[in-house]
Amino acid sequence: MAAFGYTLYCEGNDPLSLVRQAVAAEEAGFDFLVISDHFHPWLPEQKHSAFAWSVLGAVANATDHIRLATMVTCPIMRYHPAIVAQMAATTAVLSEGRFTLGLGAGERLNEHVVGRGWPAVHVRHEMLREAIDIIRELWTGRYVSHEGPHFVVEDARIFDLPGEPIDIFVAAGGPRAARLAAEKADGVCVTEPEKRLVDAYLDAGGEARAVWGQVVLAHAETAEQGLKDAHAQFRFSAGGWKVQSELPNPVNFAAATEVVTPEILAESIPAGPDPADHLAGMRTFLDAGVEQLAVAYPGTHHDRFMRFWREELAPQLAGAAR
């Protein structure tokens, strides 16, 4: 049976709002929360990009039972994998085992800020493989020294660890990354309802229950307002993953999306007040094999969206499952 989560969208909300949304999502009955981890917002008008790990600490303290996950963190440039291992372990302890670490090969938008350039995608995948090995080794609680092709760890140990191992999933924009997820992680994450990516993961030995995904639901009083909200927050995604991973700054995304209209987004983002439209958008991901589906809301009426979820969407999803 599928589980449903709510996205804490750092680029579109200030840190205090994110914590309030987390509490509201738990009260609305969501199964889990995911949080984006960016240095920059996607677009200039978003004006936010809080440090996700500080928000996670606050959310862990403010909630009781809802699961938490990054969607996703890049452990290869802006963060050294040893630091990611420590951040994740601390978050798992603070949340009493409710945390899953979502990882990815990153975007230039966030990773170039530390001045290490931007490697080709095959190099980033090599770095991600090595980073996952380092993270897992540090989670054993032993002292670790490592000298690999991309990373060095010198006599490091993590002292605060959760009682149970932390699961890892890896974001996949293509079949190569999906196979990497099956080989090195406990799950995969897709942001488009592409069954070929899920099949690549499953064919490589991945588990069906650990397929994560994210769908945008532009709930609003009218379809026009919903598409306006989606355009303001999510038009960056219209160019596809290869564009998303390569542009360096919000101003570049603004320029690249000048021709993207709200009407264009109507082809991929359900908008407006009708639950049937939003359920249909979610089903495209469920039909592709996603079992852990997070919803992202681009509007500003968060209480209204939580009520919409609790009273309209959740009962119908539960009924369909029965």
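Presented here is a report on the structure given in the accompanying data block.

Basis of the calculations
- Residues numbered from 1 in each chain as written.
- Predicted model: local features only at pLDDT ≥ 70, side-chain atom pairs only at ≥ 80, totals over all residues.
- Heavy atoms only, no water.
- Helix = DSSP H or I, 4+ residues; strand = E, 2+ residues; numbered from the N terminus.
- Expected span 1.5 Å × (residues − 1).
- Buried < 20%, exposed > 50% of the residue type's maximum accessible area, 1.4 Å probe, protein only.
- Polar contact = N/O pair within 3.5 Å; in protein donor to acceptor, adjacent residues only side chain to side chain.
- Pairing = 2+ DSSP bridges.
- Right-handed = clockwise from strand over helix to strand, strands pointing away.
- Axes fitted to C-alpha atoms, helices over the stretch in contact; angles between N-to-C directions.
- Salt bridge = Lys/Arg side-chain N within 4 Å of Asp/Glu carboxyl O.
- Contact = heavy atoms within 4.5 Å.
- Patch = residues over 30% accessible without salt bridge, like charges linked within 9 Å, V, L, I, M, F, W, Y side chains within 5 Å.
- Areas by Shrake-Rupley, 256 points an atom, 1.4 Å probe, with all protein chains shown as cover.

## Quick notes on helix α12 (residues 275–288)
Inference 1: Helix length check: α12, at 14 residues, gives a terminal C-alpha distance of 20 Å against a target of 20 Å (1.5 Å per residue), a fit within 8%.
Inference 2: When α12 is considered as a whole, its buried residues turn out to be Pro275, His278, Leu279, Gly281, Met282, Phe285 and Ala288.
Inference 3: Taking the backbone nitrogen of Ala276 as reference, a side-chain oxygen 2.9 Å away marks Asp274 as the first, capping residue of α12.
Inference 4: Of the residues one or two after α12, Gly289 is the one with positive phi, at around 110°.

## Remarks on the pairing of strand β9 (residues 211–216)
Inference 1: In terms of residue burial, β9 counts as a mostly covered element, since six of its six residues are buried.
Inference 2: Burial of the side chains of β9 extends over both faces: Val211, Gly213 and Val215 are buried on one face and Trp212, Gln214 and Val216 on the other.
Inference 3: Both strand β8 (residues 187–190) and β9 contribute to a ladder of three bridges, which runs parallel. Counterpart to Cys189 in the pairing with β9 is Trp212.
Inference 4: Note that the unit made of β8, helix α7 (residues 195–203) and β9 has a crossover that is right-handed.

## Things to note about the sheet that holds strand β1 (residues 3–8)
Inference 1: Pairing is parallel in the closed barrel, where eight strands are placed in the order β1-β2-β3-β4-β7-β8-β9-β12. Each neighbouring strand pair of the sheet contributes to a mean axis angle of 25°, computed without reference to strand direction.
Inference 2: When strand β7 (residues 168–171) meets β8, the two strands line up parallel, connected through three bridges. By the bridge assignment, Ala171 is partnered in β8 with Cys189.

## A few points about the pattern of salt bridges
Inference 1: Applying the stated criterion to the full structure yields 12 salt bridges.
Inference 2: Close ionic contact of Arg108 with Glu246 constitutes a salt bridge, the shortest N to O distance being 3.3 Å. On the criterion of sequence distance, the pair formed by Arg108 in helix α4 (residues 108–111) and Glu246 in the loop between α9 (241–244) and α10 (250–256) is long-range, its members being 138 residues apart.
Inference 3: Taking relative accessible area as the criterion, Arg108 reaches 25% and is therefore assigned partly exposed.
Inference 4: Glu207 is the salt-bridge partner of Arg209, the closest N and O atoms lying 2.9 Å from each other.
Inference 5: Salt bridges here are not isolated pairs; linked through shared partners, they connect Asp37, Arg78 and Glu111.

## Quick word on the environment of Leu101
Inference 1: The topology assignment puts Leu101 in strand β4 (residues 99–103).
Inference 2: Along the chain, Leu101 and Thr70 lie 31 residues apart, while their C-alpha atoms are 5.6 Å from each other.
Inference 3: When residues no more than four places from it in sequence are discounted, the contact partners of Leu101 are Trp53, Thr70, Val84, Ala88, Ile135, Trp139, Ile166, Asp167, Ile168 and Phe169.

## A few points about the environment of Val123
Inference 1: The topology assignment puts Val123 in helix α5 (residues 121–138).
Inference 2: Sequence-wise, Val123 and Met1 are 122 residues apart; in three dimensions their C-alpha atoms are separated by 36 Å.

## Topic: a nonpolar patch on the surface
Inference 1: A cluster of nonpolar side chains, namely Phe39, Val113 and Val114, defines an oily patch on the protein surface of about 230 Å² accessible area.
Inference 2: Assignment of secondary structure puts Val114 in the loop between α4 and α5.

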